[in-house]
Amino acid sequence: MPTESRPSSVFAAPVRQVTLLPDSHFFVRLVPLATGEGADTAAAQIELAAESLAPFPVSQLYYGFFTRPGLDRALVFASYRKRFPSDETAVWSQADFVAPAFASLLGASIPAGATTWIIEYENELTAVHFGDASGVPTEVRSFPLTPDADGPARDAAREALLRTLPGSRTIINVPAPVLDVAATSENELVFRAGDLVSTLPLAAGEVLDVRDKAELASRQQARERDQWLWRVLIGCAALLVFCGLAEVGLVGARMWHQTRATQVAVQRPDVESIITKRNLATRIEELSSKRLLPLEMITAVGEARPSGNIQFLSMTTTGLYTLQLEAQTPAGAQGEIDAFQSALRRLEVCERVDVQGLESRAGVAAFRLIVTFKPDALKPAGS
């Protein structure tokens, strides 16, 4: 009875496959477990118990077991390997879980004591009896049915099973379990049988699995490796998606920038025209509301001149508060230029003094002096 879960998308967990075997192919026993310090592991004790219960070596058995933490007993189920033809066992290598069908329901909620599940399959009935509230069945019995068994035949088989299990106070009819594809995840298997929901972590499923234990250990290692490879694949895919989105964002930003640059280029002539008109209007306003005082500027500069060695060649005003002078001095008197600059800077009316273009030729040092006056610091003569 192989079933499988399929991924809903490329990013979903890998396919999960399970194979549920007929319960009647297994003999089931409840065996004691030694507990406490120094006791062998449950798996080692179950191996010895399975070999002692069967007339065959454990290497010729398919077996598994079920117990719960802290319990001193386990339910063991085993079958002679030759009961399963090779063409049937060949597909087991692809399955994540191979066990008798009733074992898939042992992950359900623990029922009350004296509860019996009657599991109805097409060709058999299985009674799973819980004699106490430990959650580990105390009896598991199967009754085969012919393919054409009708309702009365099934009822008779059901009554025969219940007679072998005295003390059943609660009887629950359970349909054949199936894998819940939607609920099954990367780390657990989920089975449903009517109202019963059984959740088996993969570690618990390996204990129930009847295949060769060394093969199961190898499969566990391969599964862990595949999970890591799957996570790496998902991470790489997410990184590629992120890089693609980033590239789209960069292309969009580039297009936006180009659009903005085009708009700026189109609007630049209008902006420059507006700036020119504003500057012209500001200049006209200054000329109409404020007076240019060139004589006062020349007087202030002349009074700061340290000696007659510095000769003024030309003077030009640039704006209302800036005076530009072309001057010269004998080459041996260049120190007076620094003294002249310092004297101008000490004037309260001067805001800034710069000396530019100093050069010597034919015994004369020529330079340009730019003096910027403080607004409204100069007063017209006679005021």
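Reference entry: report on the structure contained in this document.

## Things to note about the overall build of the protein chain
Now for step 1: Looking only at helices and strands, the protein chain features 7 helices and 17 strands.
Now for step 2: On C-alpha atoms alone, the protein chain measures out to a radius of gyration of 50 Å, which is more than a quarter above the 21 Å that the 2.2 N^0.38 rule sets for 383 residues.
Now for step 3: Counting only C-alpha atoms and orienting by the principal axes, one finds that the protein chain spans roughly 140 × 50 × 40 Å.
Now for step 4: The 383 residues of the protein chain split such that 34% are buried.
Now for step 5: A fraction of 58% describes how many contacts in the protein chain between residues 6 or more apart in sequence connect residues 24 or more apart.
Now for step 6: Accessible surface computed for the protein chain: about 21,800 Å², of which carbon and sulfur atoms make up 57%.

## Some words on the sheet that holds strand β16 (residues 350-361)
Now for step 1: The 4 strands are arranged β14-β15-β17-β16 in an open sheet whose pairing can be described as antiparallel. Because the sheet does not close on itself, it has two edges, and the strands there are β14 (311-317) and β16. Each strand axis lies, on average, 15 degrees off the axis of its neighbour in the sheet, ignoring direction.
Now for step 2: Pairing analysis gives 6 bridges linking β14 to strand β15 (residues 322-330), with the strands arranged antiparallel.

## Some thoughts on the pattern of salt bridges
Now for step 1: For the coordinates displayed, the defined rule picks out 10 salt bridges.
Now for step 2: Taking the shortest distance from any N to any O, the salt bridge between Asp212 and Arg81 comes out at 3.7 Å. One end of the pair, Asp212, is in the loop between α4 (202-208) and α5 (213-289); the other, Arg81, is in the loop between β5 (73-80) and α2 (86-89), with 131 residues separating them in the sequence.
Now for step 3: The salt bridge involving Arg361 is made with Glu359; its shortest N-O contact spans 2.6 Å.
Now for step 4: Glu359 sits in the partly exposed class, given a relative accessible area of 44%.

## Focus: unusual backbone geometry
Now for step 1: Positive phi is not limited to glycine here, since Ala114 has a value of about 65 degrees.
Now for step 2: In this structure, Ala114 sits in the loop between β6 (97-100) and β7 (115-120).
Now for step 3: Within the chain, Ala362 stands out as a residue other than glycine whose phi angle is a positive 55 degrees.
Now for step 4: Among the structural elements, Ala362 can be located in the loop between β16 and β17 (364-373).

## A short note on the packing of aromatic side chains
Now for step 1: Overall, the coordinates contain 9 aromatic pairs when judged by the stated rule.
Now for step 2: A ring pair is formed by Phe26 and Phe84, whose centres lie 5.9 Å apart and whose planes are at 45 degrees; its orientation type is tilted. Of the two residues, Phe26 sits in the loop between β2 (16-21) and β3 (27-32) while Phe84 sits in the loop between β5 and α2, which places them 58 residues apart along the sequence.
Now for step 3: Residue class for Phe26 comes out buried when judged on its relative accessible area of 8%.
Now for step 4: For Phe84, a relative accessible area of 5% gives the class buried.
Now for step 5: Between Phe84 and Trp92, the ring centres sit 5.4 Å apart and the planes meet at 65 degrees, which makes this aromatic pair edge-to-face. There is no split in this pair, since Phe84 and Trp92 are both buried.
Now for step 6: Arg231 extends its terminal NZ or CZ atom over the ring of Trp228, reaching a point 5.2 Å from the ring centre.
Now for step 7: Directly above the aromatic system of Phe312 lies the positively charged group of Arg305, at a separation of 4.7 Å from the ring centroid.

## Some words on helix α3 (residues 151-163)
Think of an α-helix as 3.6 residues a turn; residues three or four steps apart then line up on the same face.
Now for step 1: The first and last C-alpha atoms of α3 sit 19 Å apart over 13 residues, in line with the 18 Å expected at 1.5 Å per residue.
Now for step 2: Among the residues of α3, those classed as buried are Ala157, Arg158, Ala160, Leu161 and Leu162.
Now for step 3: Next to the buried residues of α3 lie β7, β8 (124-130), β9 (139-144) and β10 (170-175).
Now for step 4: Capping the start of α3, Asp150 holds a side-chain oxygen 3.1 Å from the backbone nitrogen of Ala153, two or three residues further along.

## Points about the nonpolar core
Now for step 1: Counting residues in each nonpolar core, the largest one holds 39 residues, and the members touching the most others are Phe77, Phe97, Phe102, Trp117, Ile119, Phe191 and Leu208.
Now for step 2: If we skip the residues at most four places from it in the chain, Phe77 touches Phe26, Phe27, Val28, Tyr62, Tyr63, Gly64, Phe65, Pro100, Phe102, Ala103, Leu208 and Val210.
Now for step 3: Within the second largest apolar cluster, 21 residues are counted, among which are Ile337, Val353, Leu369 and Leu378.

## Quick notes on helix α1 (residues 42-53)
Now for step 1: For α1, built from 12 residues, the straight-helix expectation of 16 Å at 1.5 Å per residue is met to within 8% by its first-to-last C-alpha distance of 16 Å.
Now for step 2: Here α1 has its buried residues at Gln45, Ile46, Ala49 and Ala50. The buried residues of α1 occupy one face: seen down the axis, they fall within an arc of 135 degrees. Turned more than 90 degrees away from the buried face of α1, the exposed residues are Leu48 and Ser52.
Now for step 3: Where α1 is buried, its residues contact β3, β4 (61-66) and β5.

## A look at the sheet that holds β9
Now for step 1: Reading across from one edge, β9-β8-β7-β10 is the order of the 4 strands in this open sheet, with mixed pairing throughout. Looking at strand neighbours, the two that pair on one side only are β9 and β10, the edges of this open sheet. Between one strand axis and the next, the sheet turns by 20 degrees as a mean value, whatever way the strands run.
Now for step 2: Helix-sheet contacts for α3 involve β7, β8, β9 and β10, and the interaxial angle to β8 is about 30 degrees.

The rules behind the values
Residues numbered from 1 in each chain as written. Predicted model: local features only at pLDDT ≥ 70, side-chain atom pairs only at ≥ 80, totals over all residues. Heavy atoms only, no water. Helix = DSSP H or I, 4+ residues; strand = E, 2+ residues; numbered from the N terminus. Rg over C-alpha atoms; globule rule 2.2 N^0.38 Å. Buried < 20%, exposed > 50% of the residue type's maximum accessible area, 1.4 Å probe, protein only. Contact = heavy atoms within 4.5 Å. Areas by Shrake-Rupley, 256 points an atom, 1.4 Å probe, with all protein chains shown as cover. Pairing = 2+ DSSP bridges. Axes fitted to C-alpha atoms, helices over the stretch in contact; angles between N-to-C directions. Salt bridge = Lys/Arg side-chain N within 4 Å of Asp/Glu carboxyl O. Phe/Tyr/Trp six-rings, centres within 6.5 Å; stacked < 30°, edge-to-face > 60°. Lys NZ or Arg CZ within 6 Å of the ring centre and 35° of its normal. Expected span 1.5 Å × (residues − 1). Polar contact = N/O pair within 3.5 Å; in protein donor to acceptor, adjacent residues only side chain to side chain. Core = buried A, V, L, I, M, F, W, Y, C linked by side-chain atoms within 4.5 Å. Arc of directions from axis to C-beta.

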